[in-house]
Amino acid sequence: MKPTRPLRALLLSLACSAALAAQAQTAPRIDIPAGDLAVALDAYARQSGTQLVYRADQLKGARSAGVQGQTASPQALDALLKGSGYRAQRDASGAVVIVPQAAPKPAPAAPPPPRAAQATPAQSVPADAPVTDLQTIQVTGSRIPRAQVEGPAPITTITSEDIRASGFTSVPEVMQSLTQNGGETQSQQSAGGADFSPGAQQVDLRGLGPNHTLVLVNGRRIADFPMPFGGRSNFTDISSIPLGMIDRIEVLTGSASAIYGSDAISGVVNFILKKEADGTTLDYRYGWNDHGGGESHVLNVSSGFSRGAFNLVAGLEYRNQKPLWGFQRDQQDSSFDAPNPTRYGYPARNFLITDWWDDYIDPGEATCEGLSGLNEGTMQYAYRRNYGNYCGSDRAVAYRTMISERKGMNTYASLSYMFGNGGEWFADVQAGRHEVSLFRAPRSWSLMMPDGNEEGYFYNQATEQVEYWQRQFTVEEMGGLQNGMVNTVQKTFSLTTGFKGVFGEDWDYEVAFSHSQYKAEISWPQIVAAKANALFLGPQLGVDEDGFPIFNAPYSRMYTPLTRAEYDSIFAYTTYHPQSASQTLSFTLTQGDLFQLPGGAAGFAATAEVGHQDYDLKPDPLATQYYYYSWKDSDGKGGRDRWALASELRMPVLDSLNFSLAGRYDQYRFAGRTVGKPTWSAGVEWRPIESLLVRGSYGTAFRAPDLHYVYSGPGNDETSVPDYYRCAMEEPDEDLDDCSYSDEGIIRSRAGNRELNPETSDSWTAGLVWSPSSKIDVSLDYFSIDMRNQVQDLRASEVMRNEFECRTGVQPISSPLCVDTLARITRLQDGGIYGVHVNPINIARERTSGVDLSANYRLETGIGTFRLSGNHTWVRMHDIQVYPDEPVVDMFAVNSGYDIPRVKSTARVSWERNAWSASLQGRRLGRLPNGWSYDEVWEEGDPGPTIPATYRYNANMQYKFTDHAQLSLTVNNLMDKKPPADPTYTSYPYYDISWFDTQGRSFFLEFTWKFGGKAL
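Residues numbered from 1 in each chain as written. Predicted model: local features only at pLDDT ≥ 70, side-chain atom pairs only at ≥ 80, totals over all residues. Heavy atoms only, no water.

Topic: the nonpolar core
For step 1, the next point in the chain: If you look at the biggest cluster of nonpolar residues, it comprises 36 residues, and the most contacted ones within it are Phe351, Trp445, Trp469, Phe473, Ile527 and Leu537.
For step 2, the next point in the chain: Listed by contribution, the elements that provide at least two residues to this core are β17 (348-355), α11 (475-478), α12 (529-537) and α13 (564-570).
For step 3, the next point in the chain: Per-element accounting of this core gives the leading share, 4 residues, to α12.
For step 4, the next point in the chain: Ala194, Val528, Leu617 and Trp631 belong to the second largest nonpolar core, which has 31 residues in total. (Core = buried A, V, L, I, M, F, W, Y, C linked by side-chain atoms within 4.5 Å. Buried < 20%, exposed > 50% of the residue type's maximum accessible area, 1.4 Å probe, protein only. Helix = DSSP H or I, 4+ residues; strand = E, 2+ residues; numbered from the N terminus.)

See the structure below:
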């Protein structure tokens, strides 16, 4: 749906109003009390919107007389510096650097910035030297503040300007564009995501799993999503992070536990929210899709003020995202859209009865004709090859959401108060509430017995034969799609507060407490098994001689649509109230001038932390029983305490050579156990010439035993296993594939394992950054990560193999392995296998390595400034060995069962001139396995085994009406590309949902209006 003319007129009128308002803006007033000079300069930068460049360690002990009631101006800054021994130096670009009045001996020239948007180490600046625009910040990957982004390990920085220019509209979109984000995660289209973690999305650096990427906000941990990923491991939900409040995102890939502790195996993603607001900014974005559906509205408001020593920045983001349904796209609105529809495109089996041999019992064309009004008139007399006729709807498969409905708000505030002695109190507060609704599929039913048996066969007295009945309910029976939505209410809250200042004149300190919690209410639509059994089949009349339950069920009960009252009588929502929380108390000391080395002052940081983490699934008690059809869940609840000590040392041993070292020890206490783990890292930076940085790093990392892996309660599902022992005893002359017991159905029970050890890894990087001029830079880095003791579920088939070896003497029957194995298996009186118990164990090893390449170029021309940037990741190898006695699996190989790309690339070209700017971003995703290769069934002669590389383009154009008002138009998927055709992807929606969607070309019109402060 495109914006109406009234909406366009409204946006234009707002822009005109902004132009008039901007003319009335005045420079902000400056009110800064006397006190520490560094604190005063920091306050001036915030209140005026001016970026100041200075070395904080040089200003120790310097005082400012303050300034009151003046407007922001060079004169006000001079007054602030009067008598301090320092002065402001400016160049033609407007950069402002604070230098001593008596300039010291000039230091060697700092190398040019390795990135156009990034900085190099701050040096003492001669009084008449050109100024480089630098800013002392704390960089992800170190707790030592420094005016340098490029260090020993590569860091990718995405600014808010990059996000806007690239056309990203959500945090998951930004993360998906990262070339280092190579994992197969659950998109909004994922049925598994709907079943286990609805409304949540993940980031998976290096494809090692979402639970191995540490996600931070403002450098602090946030609570996990309270439901486990895939029903197994905990992870961080990035969909709840407000895009409009992000100042920048820093991504460090590789092992970083020596700095951050647990979880940083594949890397760290640090979302840094806005800390400054010079004036008030209103931003409204309206989005629509070229082919309809998925309309969105996003409103961002940010503001702030300073009153003397107090400073406040606050923001609010409101989002209203309409759903996009499968039936709103031609390429997936029917089961006949399947490749080779004659073979695979049969309608859903809404009304189905089969005999014992699974042949369909023909209902007759007239019966289906009587149902033809259902599912919006798409019910029909259908035929499935090799099985027979039934009544089904080709539209039923498209009753699911491609984009979830989301309504909600995030709020954020950053507060600080400067004390006269140079100390500061600070606090960051975030709170959010979102309602997310999605549709997984229409509810279904077949016979499920009280013990959970879902085979569904029964003896029907009405027809005197064994039958199987299946129903998938229709839109009309359920009373509309809204009555089948999975509904989630997400509530997030985070608070970080503390004090920082100077200790003993030479040391900077920070003491901080952070608390983060995530509470949810998740409701899944369900069919109550016993009530549905009674409605369709009537009362059970006993059990026949073959063990089948007996019912007397005339076919009319199957082929009569349910009234709304009948449907409501068997329908219910199962509602969970999961929650998770994390608290950390930390104390950090930093010293920028610990001792002098030939290359300058050594920097040092030390940190002590104590913390607690817990989660509680709080499921519906009925969901842990055999109450709902095809749904028996497990509970999970637990927590752990931890403490850690860490330190870092950065040593400029020469002007051109820096070394850094970090070490940390973490101890966790959980489930009556104490687990400790030391980690360390080292890095080197060498600048043989001004324009070249050669760097390398090595680090170890770990992940403490995952809470849900440890505390998961007992739960069951159904699977099949080979019965090795029975095949060997009863059919010794048959190959396993030909044995009668090679595929035995079982009940697999599962529970957590409180004896798990940490997963561990080590990684190293080696690379260079080359900046031959201020207009161009190139970086090239090799990475390697080796993860060991990875947690995987014990396989039921492995238990059966161990049983065979124990019972036949290959393993001693009294060994701990055999005692444990035999206790896991339940057999029936006739020797048949009934159940196998499994739990997670430390068993797997996974390795990956490859190359990251990035480049930036700036070109000044008579028609404007052009900027070009590109990023490319090539994965040399990624393999996994799930069990020590199994072969290593190449995850890129044909029939590997893994879905990850070897190559990801992005490139962007932008142009700006006066009030206009524009950009075009392209993304290339390397080839992926096709459906049959992913399912491990591809054979020579089949299509594939891969789908080719794909390309997507986003475009953005902005126009500034004034310095304080601008309008932008973003077009995502500019060429309106569909998912690549894959003749082997035969399940709905007929393409790889981990990497593609059918949203198509989409438009976003955004208007930004700023009141006060510096220009946009």
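Overview of the pattern of salt bridges
For step 1, the next point in the chain: Inspection of the entire model under this criterion finds 38 salt bridges.
For step 2, the next point in the chain: Arg164 is paired through a salt bridge with Glu1006; the nearest N and O atoms lie 3.5 Å apart. Placement of the pair is Arg164 in helix α4 (residues 160-166) and Glu1006 in strand β53 (residues 1002-1011), with a sequence separation of 842 residues.
For step 3, the next point in the chain: Under the relative-accessibility criterion, Arg164 is labelled partly exposed at 24%.
For step 4, the next point in the chain: Take Glu1006: its relative accessible area is 12%, and that puts it in the buried class.
For step 5, the next point in the chain: Put simply, Arg221, Asp263, Arg703 and Asp706 are held in one network by salt bridges that share partners. (Salt bridge = Lys/Arg side-chain N within 4 Å of Asp/Glu carboxyl O.)

Structural notes on the pairing of strand β19 (residues 388-393)
For step 1, the next point in the chain: Within β19, 6 of the 6 residues are buried, which leaves it mostly tucked inside the rest of the structure.
For step 2, the next point in the chain: Pairing analysis gives 2 bridges linking β17 to β19, with the strands arranged antiparallel. In the sheet register, Ala348 faces β19, and the bridge partner there is Ser393.
For step 3, the next point in the chain: Direction of pairing for strand β18 (residues 379-384) relative to β19: antiparallel, over a ladder of 6 bridges. Note on β19: the bridge partner recorded for Met379 is Ser393.
For step 4, the next point in the chain: The hairpin formed by β18 and β19 contains 3 residues between the paired strands, and Asn386 there has a positive phi angle of roughly 75°. (Pairing = 2+ DSSP bridges.)

Looking at the state of the cysteines
For step 1, the next point in the chain: Counting across every chain of the model gives 3 disulfides.
For step 2, the next point in the chain: Linked covalently through their sulfurs, Cys368 and Cys391 form a disulfide whose S-S length is 1.9 Å. On the sign convention where negative means left-handed, the S-S torsion of about -90° between Cys368 and Cys391 marks this disulfide as left-handed. You can see Cys368 sitting in helix α9 (residues 365-369) and its partner Cys391 sitting in strand β19, a full 23 residues away along the chain.
For step 3, the next point in the chain: Accessibility expressed as a relative area gives 0% for Cys391, which makes it buried.
For step 4, the next point in the chain: Two residues share a disulfide in this structure: Cys727 and Cys739, whose sulfurs sit 2.0 Å from each other. Every disulfide takes its handedness from the sign of the S-S torsion; for Cys727 and Cys739 that torsion is -100°, giving left-handed. A residue pair is termed long-range when its members are at least 10 positions apart, and Cys727 in helix α15 (residues 724-730) and Cys739 in the loop between α15 and β39 (744-750) qualify at 12 residues.
For step 5, the next point in the chain: Overall, Cys727 belongs to the buried group, its relative accessible area being 6%. (Disulfide = S-S within 2.5 Å.)

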